[in-house]
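Listed below, chain by chain, are the residues.
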There are 2 protein chains.
Amino acid sequence: MARTGRRRGNVDTKRQIVDVARAQFAELGYDGVSLRGIARAAGVDPALVHHYFDGKSGLFADVMQLPVDPALALPIVLDGELDQLGERLLRFFIGLWESPETGPRMRAAFRTALSSEESSRRLGDFVAREIMTRLAARLDSDRPQLRATLTGSQLIGLAVGRYLVQVDPLTQASVEELVTATAPTLQRYLTGPLPS
Amino acid sequence: MARTGRRRGNVDTKRQIVDVARAQFAELGYDGVSLRGIARAAGVDPALVHHYFDGKSGLFADVMQLPVDPALALPIVLDGELDQLGERLLRFFIGLWESPETGPRMRAAFRTALSSEESSRRLGDFVAREIMTRLAARLDSDRPQLRATLTGSQLIGLAVGRYLVQVDPLTQASVEELVTATAPTLQRYLTGPLPS
């Protein structure tokens, strides 16, 4: 499918796309990038980018070495009863950090993203577009976007405290203790009263 | 007060202490460092270290370029009614990030600390020793250390979302909106029921 005859293997072409995407995300930010523009800069057919990656979200996840593409994973978590959504989000999120397969990549990706202002903003745009918007769309209360980001703030704070900065007893607590203590917070942000 | 005659100015001596302290914190971790050991390695009288810095906490704050020494600031915040502690902590913490004087240093210090595993752990030890222990000692409920770190997780999550990653509408919300939305969370962690 590649238009140029120079690249021989799929691995090379895929890596070429990722390299171009990394540069474009860095230069233009998440919202400023299009798959068509990446394909053009990489000298490949746009269909090839779609063939290798599940959309812009999947490509960004690959560039950031995120272990999951939220565009694929989140709909599964969002499906189900709204009054248990806080706990489902929490268990899914903690699972990503606890798992021996995905945990190290979560830590590495967040350390890298948080280390500079520019990469933090890029992660923020991605989170807003691909996670917060989907989460907000699932809610049927007032101020869904604020609710989604408040939920995100408690989730990322748990990750920073337990997995990055590692402050005891947050690190020593069992997953069940964490769920018991913080799921009510998430559920209140998602569906509870939000005084204005 | 310096024992050696080589160093002339206070600025040089102070910087020498900070340089030695930075190396020792990196090598030994926050808990492994003593002011006496730093004084010895810097070739100065321990009294001089105490003269320049308010204890190990103040020296660490200087090394990390934190805008405040929690050992000095926290007692003021902890003083007062326990049932308003969540809101007081929140307003103090947000104030550090919002202020034009301290905000840039908070962002820089946290970016640096979170960028590597080793510096994250060092920050974690410091936070546990100088902030969480003090906060826990102020509480008179069960599991005070877990309560303190849960409180810290929501605070740091707000900071990451609003000031580092900058996800809207968390960034656009007014301080009063944030206080209204999250102070009940902090207060529940501090003094509310914590199901086991």
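Every chain's residues receive numbers from 1 upward, in the order its sequence appears when written. Here the convention is simple: chains get letters from A, ligands get numbers from 1, in the order in which they are written. pLDDT decides what is reported in this predicted model: residues at 70 or higher carry local features, side-chain atom pairs at 80 or more are listed and counted, and totals for whole chains, interfaces and linings draw on all residues regardless. The side-chain figures draw on all heavy atoms in the structure; neither hydrogens nor water molecules are used.

Colleague: Mind showing me how you'd approach the environment of Leu123(B) here?
Modeller: A run of DSSP states H or I qualifies as a helix once it reaches four residues; a run of E qualifies as a strand once it reaches two. Both are numbered from the N-terminal end. For Leu123(B), the location among the structural elements is in helix 8 (residues 117-138). Leu123(B) sits in the buried class, given a relative accessible area of 4%. Along the chain, Leu123(B) and Phe92(B) lie 31 residues apart, while their C-alpha atoms are 19 Å from each other. The contact criterion used is simple: two residues touch if any of their non-hydrogen atoms lie within 4.5 Å. For Leu123(B), the residues in contact, after removing those within four places along its chain, are Val165(A), Phe60(B), Met64(B), Phe110(B) and Ala113(B). For each residue, the accessible area found with a 1.4 Å probe, counting protein chains only, is set against the maximum for its type, and the residue is called buried under 20%, exposed over 50%, and partly exposed in between.

Colleague: Please explain the interface of chain B and chain A as it appears in this structure.
Modeller: By convention, interface size is frequently given as the accessible area that disappears when the constituent parts associate. Taken together, the contact between chain B and chain A spans 42 residues of the former and 42 residues of the latter. Once two parts are put together, the accessible area they lose, assessed with a 1.4 Å probe and summed over both, is termed the buried area. Summing both sides of the interface, chain B and chain A together bury roughly 3400 Å²; the carbon and sulfur share of this comes to 63%. Three residues stand out in chain B for area buried against chain A, namely Arg111(B), Leu114(B) and Val165(B), and they jointly supply 16% of the buried area on that side. By convention in these notes, a salt bridge is any Lys or Arg side-chain nitrogen within 4 Å of a carboxyl oxygen on Asp or Glu. The interface formed by chain B and chain A contains two salt bridges. For Glu177(A), the salt bridge is made with Arg143(B), and the minimal N-O distance between the two is 2.6 Å. Any pair of N or O atoms that falls within 3.5 Å is considered a polar contact. Within protein, one atom must be able to donate a hydrogen and the other to accept it, and sequence-neighbouring residues count only if both atoms are side-chain atoms. Applying the counting criterion to the chain B and chain A interface returns 19 residue pairs in polar contact (both at pLDDT 80 or more). Taken together, the elements giving at least two residues each to the side of chain B that touches chain A come down to helix 7 (103-115), helix 8, helix 9 (144-164) and helix 10 (175-191) of chain B. Take the side of chain B that touches chain A: its biggest share by element is 11 residues, from helix 9 of chain B. Residues that form the side of chain B that touches chain A fall into these classes: 21 nonpolar, 14 polar and seven charged. The classification used treats Ala, Val, Leu, Ile, Met, Phe, Trp, Tyr, Cys and Pro as nonpolar, Asp, Glu, Lys and Arg as charged, and all other residues, Gly among them, as polar.

Colleague: Please clarify how the packing of aromatic side chains should be interpreted in this entry.
Modeller: Geometry of an aromatic ring pair is reported as the spacing of the ring centres plus the angle between the planes. All names here are of chain A. Pairing of aromatic side chains requires ring centres within 6.5 Å, counting the rings of Phe and Tyr and the six-membered ring of Trp. Pairs whose planes differ by under 30 degrees are stacked, by over 60 edge-to-face, and all others tilted. Across all of its chains, the model carries 18 aromatic pairs over all chains by this definition. Between Tyr52 and Phe53, the aromatic rings sit 6.5 Å apart at their centres with planes inclined by 65°, giving edge-to-face as the arrangement. Of the two residues, Tyr52 and Phe53, both sit in the buried class. The structure contains a cluster of three or more aromatic residues connected by ring pairs, namely Phe25, Tyr30, Phe60 and Phe126. The ring of Tyr30 carries the charged tip of Lys56 above its face, separated from the ring centre by 4.7 Å. Whether a charge lies above a ring is judged from NZ of Lys or CZ of Arg, which has to be within 6 Å of the ring centre and within 35 degrees of the ring normal.

Colleague: So what exactly am I meant to see when it comes to unusual backbone geometry here?
Modeller: The general pattern is negative phi for most residues beyond glycine and trans for most peptide bonds. For the bond from Asp168(A) to Pro169(A), the omega torsion is 0°, close enough to zero to count as cis. Along the polypeptide, Pro169(A) turns up in the loop between helix 9 (144-164) and helix 10 (175-191). Unusually for a residue other than glycine, Arg143(A) sits at a positive phi of about 50°. If you trace the backbone, Arg143(A) turns up in the loop between helix 8 (117-138) and helix 9. One non-glycine residue, Gln166(B), lies in positive phi territory at about 60°. Mapped onto the fold, Gln166(B) is located in the loop between helix 9 and helix 10.

Colleague: What am I meant to see in the nonpolar core here?
Modeller: A general trend in soluble globular proteins is that nonpolar side chains are found buried together. Core analysis: the biggest nonpolar cluster contains 134 residues, and Leu59(A), Trp97(A), Leu59(B) and Trp97(B) have the highest contact counts within it. Contact partners of Trp97(A), with chain neighbours within four places excluded, come to Gly103(A), Met106(A), Arg107(A), Phe110(A), Ala159(A), Tyr163(A) and Leu164(A). Here, nonpolar core means buried Ala, Val, Leu, Ile, Met, Phe, Trp, Tyr and Cys residues that are tied together by side-chain atoms lying within 4.5 Å of each other.

Colleague: Looking at this structure, how should I read the environment of Asp54(A)?
Modeller: Here Asp54(A) lies in the loop between helix 3 (46-52) and helix 4 (55-63). In contact with Asp54(A), other than residues within four places in its own chain, are Asp69(A) and Leu72(A).

Colleague: Any chance you could explain the pattern of salt bridges here in plain terms?
Modeller: Opposite charge on two side chains makes pairing possible when the charged atoms of those side chains draw close. This structure, assessed with the given rule, holds 20 salt bridges over all chains. In this structure, the salt-bridge partner of Arg162(B) is Glu98(B), at a minimum N-O distance of 2.9 Å. Remark: Glu98(B) occurs in helix 6 (residues 85-98) and Arg162(B) occurs in helix 9; sequence separation between them is 64 residues. The class of Arg162(B) is buried, set by a relative accessible area of 7%. A salt bridge links Arg147(B) to Asp142(B), with the nearest nitrogen and oxygen atoms 2.8 Å apart. Taking the relative accessible area as the measure of exposure, Arg147(B) reaches 2% and is therefore buried. Residues joined in a network through salt bridges with shared partners are Glu87(A), Arg91(A) and Glu176(A).

Limitation: the analysis is restricted to geometry and does not speak to function.
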